[in-house]
Structures are given as C-alpha cells and as structure tokens.
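Residues per chain are reported as follows:
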Amino acid sequence: MKYINFLFLFISLPLFSWQGEVNNLISRPYLSNRHIEFLQRICDEAGGRLAGTWENEKALSILKEMAKEDGLDVRFEQFQFPGWLRGNDSLFSLKPRFKELRCVGLGYNAPSEPIEAEVVYANFGYTDNYETLDVRNKIVLVNQERPPNREELLRYEAIEIASKKGAKAILFINNKNGGLLLAGVGNFQGTPNPIPAFSITYEDGQYLLRLIRKGIKPIVFVKSNSVCVQSTSHNAIYTIPGKLKQKIVVGAHIDSWDISQGAVDNGVGSAVLYGLALNLSQYKDYKYTIEFVWFNAEELGLWGSKRYVEKHNKDVVLAINLDMPGDPRGINLMGFDYLRPFFDSTLAKIKGFNLENGVQNSPWTNSDHMYFMFEGIPSLTMLGWMEESMYRHYHDFGDYFDKVNKNYITNAIAFLSVVIYSLANDFNDFKRLSREEVKNLLKKHNLESRLRKQKEWIFD
Ligand SMILES: [Zn+2]
C-alpha cells in the first residue's frame, strides 16, 4: 500500500505542479492592469514612436520606469540606422481649383524643389502602363492596390519606374476609402527615394482621376521637406537567465509610424510583451534563458531586429514575434514544421481559449522575425484575430488607443505565457535549418520573388 502511494505521488506530482503553474500563468494577467497602463502611457504620453524621435525615446523611458517599478531590469542596446524625419510637406491642387490634398510622405522621401506639374494617371504603375504616356516632368498618379492576376509590384518598384520614366513625383491612391492614408517606407535599403512619393486618400485620388478622364489637366504643387539622416536608436531588453545560455527570444517592435499613436501597430504587441515579461518573471528556474526584446526601427526597415540578429544570433534557439497579435487563435510555425508535435500537445492542454486555427504553417516576411528566419532559427508568431474596426487604421492617422480591444492583450499574455513557459522548460530539440533548407522553405511558400524585389534574397 505504501509502495503504491509512493508511486502515485511520484507520477502525479510533476503533472500536478505543471497544472498549478499553468493556473497561475493564465490567471495572473487578468489580475493586473500594468500591460494596459503601459500601452496607454506609450500612446498618450509618448505618441507616434518613429525611431530616432523624442516620442520613441520617451516610450523607452516609460518602459524602463514601469519595468523598474515592477522589479524588471530593462536595459537598452544602442544601434545606428538610416533614419528619416518627416518635414512639413505640401501637396496642393492648383488647377482647376485650389485645394489642399491630404497626404502622407513615404519614408525616405528627401527634400525636393518646389514642383508644379500636371498630374497623369499611370494606372497600376507597371512599366507597360507607361507605353502611351509621356510623364517627363509630370506627377504620376497610381493605384495603391495592384490587380490580383498580375505579379506583385511593391511601392518601391512603382517609385523607381516612375522616376526612370522622368516623373517628378508619384502619388499613390489609397484603396481604403474614408480619408485614410497608408504610411510606409519608399524603399527597404534606407536610401533617399529617387522622387518624392506620397499616399493620398481614395477620395482625392478619384477626384483627380475624374478630372483627367474628362480631359481637364489637374496641376498639382508638391514640396517634400522630409529628410534622410543617419540616426541612433535602442532595442530594449529584459532577460530571465536560464540554466542554459541558449535563449528563446520573444520580441515586439515598440516603434510605430509618427502620424498616429501606433496603438494597434504595434503598441499592442509591446504591451503583450510587457505582460509576458512580468508574468514569466515570477519563475526563475527555466532551462532556457528567455529574452524579451522591444525591437526598434521596424517600420523603417527592421533595423533593430537586424542589428540584434547580427550581434546575438549564435545563442538564439527560437524567436517569437508579436506584431499586431490580436486575440489568440493558434500558432504559426512559419514553416518550421518539426515543432508541430510539441505545439499540438501544448495547445491540447490549454482548454478555454478559442484556438480554432490550431497550429499552422504560413511563413511571411517583413517583420522582426525575418532575419532570425534567414539564419535558420525557428521563428513563430501567434495566430490572432481582431475586428476590422481595430485594424482599419493600419498605418493611418487613426491608429489610436481607443481602437484597441484590451481584452485581446490580456488573452494573448495568458495564452503565450503557457506556451513560452512550456518551451523554456520542456522543449529540448531546437535545431536550426541549414541555409539550403531556409532557401527551400522560402521558395516553397512563394516568398522568393518578393524578397528579390526588396533586394533581400541572400540565398544565391
Ligand atoms: Zn508592425
């Protein structure tokens, strides 16, 4: 009898304690408001956190201050990158009538001469759209969205084509209506755009287009006052040392576009990361080291994560990226399929979340996991859901704190805490893909052509 009791205890204790810790990991975020407070402060007290600006540095100081209050030692790691600062740009329609056009200059626009020129419509902006057009010394108007049956044309390519054809500037008509704009970079290298490029509203775009189609030649005035400047920024890092030096990196970019508060993109991810750091710091005896990294300068071209990977990649066994995470629905293995059995069993142990998307494999690029992926480091994201009203103002003026469903942040912290806790304690088979395997993974998921266009294909 004694022997049986002993055996019973031996078998059930680890399971019982795992469940006890899971209960704590899941419930603790719902008993705290710190992650929401953090989000509100970086939105309202800092604001649009373009890397290299006062707002961005302010957000970092809020992070450091709050983390200190919560007993977390956050440190900064400085890096250089090709910075960019928005000037007070001008875009006016002069003829047939004077009207200020709402616009947002694309990242890496350089200062321009005052330009006064006729606007011509080049449809989608592909080279063949210029066959019957003379755009020399004119301003080109193109659609933001490309036709689904044609090869993708990035804004960067449309800018290059228009410039080569002799245009003085380019205007992208937003495909979302309602006065919205779409901020973004004009190229991925951080070099000055060859001509000034602007996102304009759907409504102003349609207005100009109607004039052109009626044979009325609109004359527009453009002056870019933005500047490209070598800049300094910081990644913010909090580490929970494990028994092993090898580390699991959990990251979210804290920078955003300057025109809004960057609440959904990516205040939300930064707040989830804050809550995760707080929750997981309650335990100290992890097998793997866990490193929480608030990456910087993501929006201007993933500069913070690029610098981090250059410096630390040899110790990293896994990267989890939280970019606009939403309400948890599952895990995206990003093509690192060997992790599937672990995640299938981990997710099966957590009832109560709506994990209807389960474990999927849909690799994508152009966020902070990309350079980890290129090194063959298993990279994951959370599959999440959010309503249209939450992401509608993506890269637009309206991405403010009021758009955020705060429950999703808490749910994501609870869910991911269990996932990361399990990975840091129970997983023991992290392996990197070889360069050839990464190349094949990217090819298999049709990411090669996009990366080539961005000049980021490093696998030849
Ligand atoms: Zn983002």
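Residues numbered from 1 in each chain as written. Predicted model: local features only at pLDDT ≥ 70, side-chain atom pairs only at ≥ 80, totals over all residues. Heavy atoms only, no water.

In this section: the nonpolar core. The biggest cluster of nonpolar side chains holds 101 residues, and the ones touching the most others in it are F292, W294 and F343. The leading source of residues in this core is helix α11 (residues 406-426), at 13 residues. (Core = buried A, V, L, I, M, F, W, Y, C linked by side-chain atoms within 4.5 Å. Buried < 20%, exposed > 50% of the residue type's maximum accessible area, 1.4 Å probe, protein only. Helix = DSSP H or I, 4+ residues; strand = E, 2+ residues; numbered from the N terminus.)

Moving on, we get to the environment of F343. Position of F343 among the secondary structure elements: in helix α8 (residues 340-349). Here the alpha-carbon distance between F343 and N332, two residues eleven residues apart in the chain, equals 10.0 Å. Those residues within four positions of F343 in sequence are excluded, and the remaining contacts are I331, L333, V359, L380, V419 and L423. (Contact = heavy atoms within 4.5 Å.)

If you check the domain split of the chain, you get domain 1 (27-84 + 230-453) and domain 2 (90-225). Computed over C-alpha atoms, the centres of domain 1 and domain 2 are 34 Å apart. Each partner contributes to the interface: domain 1 provides 19 residues, whereas domain 2 provides 26 residues. Looking only at domain 1, the three residues that lose the most surface to domain 2 are W84, R392 and K453, adding up to 37% of its buried area. Linking domain 1 with domain 2 are three salt bridges, by the criterion used here. For the interface between domain 1 and domain 2, the tally reads twelve residue pairs in polar contact (both at pLDDT 80 or more). (Domains from an automatic or database assignment. Buried area = accessible area lost by both parts, 1.4 Å probe. Salt bridge = Lys/Arg side-chain N within 4 Å of Asp/Glu carboxyl O. Polar contact = N/O pair within 3.5 Å; in protein donor to acceptor, adjacent residues only side chain to side chain.)

Take the pairing of strand β5 (residues 115-121) next. A regular strand places its side chains so that they alternate between the two faces of the sheet. Across the seven residues of β5, six count as buried, placing the element largely inside the fold. Pairing of β5 with strand β9 (residues 219-223) involves four bridges; the strand directions are antiparallel. Bridge pairing links A117 to V220 in β9. Of the pairings in the sheet, the one linking β5 to strand β6 (residues 139-143) comprises three bridges and is parallel in character. By the bridge assignment, Y121 is partnered in β6 with L141. (Pairing = 2+ DSSP bridges.)

Only H253 (NE2), D265 (OD) and D323 (OD) from the protein coordinate the zinc ion, and they sit 2.0 to 2.3 Å from it. Read in sequence order, the donor residues for the zinc ion give the motif H-x11-D-x57-D. Within this pair, whereas H253 is found in strand β11 (residues 244-253), its partner D323 is found in the loop between β13 (316-321) and β14 (327-332), the two being separated by 70 residues in sequence. A single burial state applies to H253 and to D323, both of which are buried. (Donors = N, O, S within 2.8 Å, 3.2 Å for Na, K, Ca; no water.)

Hydrogen bonds along the backbone pair up the strands of a sheet, which may run parallel or antiparallel. With mixed pairing, the eight strands of this open sheet are ordered in space as β3-β2-β9-β5-β6-β7-β8-β4. Taken across any chain shown, the strands that pair with only one partner, and hence form the sheet edges, are β3 (99-100) and β4 (103-105). One ladder, built from three bridges, connects β4 with strand β8 (residues 197-200); its direction is antiparallel. Residue pairing across strands places V104 opposite S199, the latter belonging to β8. Helix-sheet contacts for helix α4 (residues 155-164) involve β6, β7 (169-173) and β8, and the interaxial angle to β7 is about 140°. (Axes fitted to C-alpha atoms, helices over the stretch in contact; angles between N-to-C directions.)

Turning our attention to unusual backbone geometry. For the peptide bond that leads from K95 to P96, omega is 10°, which places it in the cis range. If you trace the backbone, P96 turns up in the loop between β2 (90-95) and β3. With a phi angle near 60°, A297 is a residue other than glycine that sits in the positive phi range. For A297, the position within the fold is in the loop between β12 (288-295) and α7 (303-312). Although it is not a glycine, M334 adopts a positive phi angle of roughly 55°. Note on placement: M334 falls in the loop between β14 and α8. Residue classification places M334 among the buried positions, given a relative accessible area of 0%.

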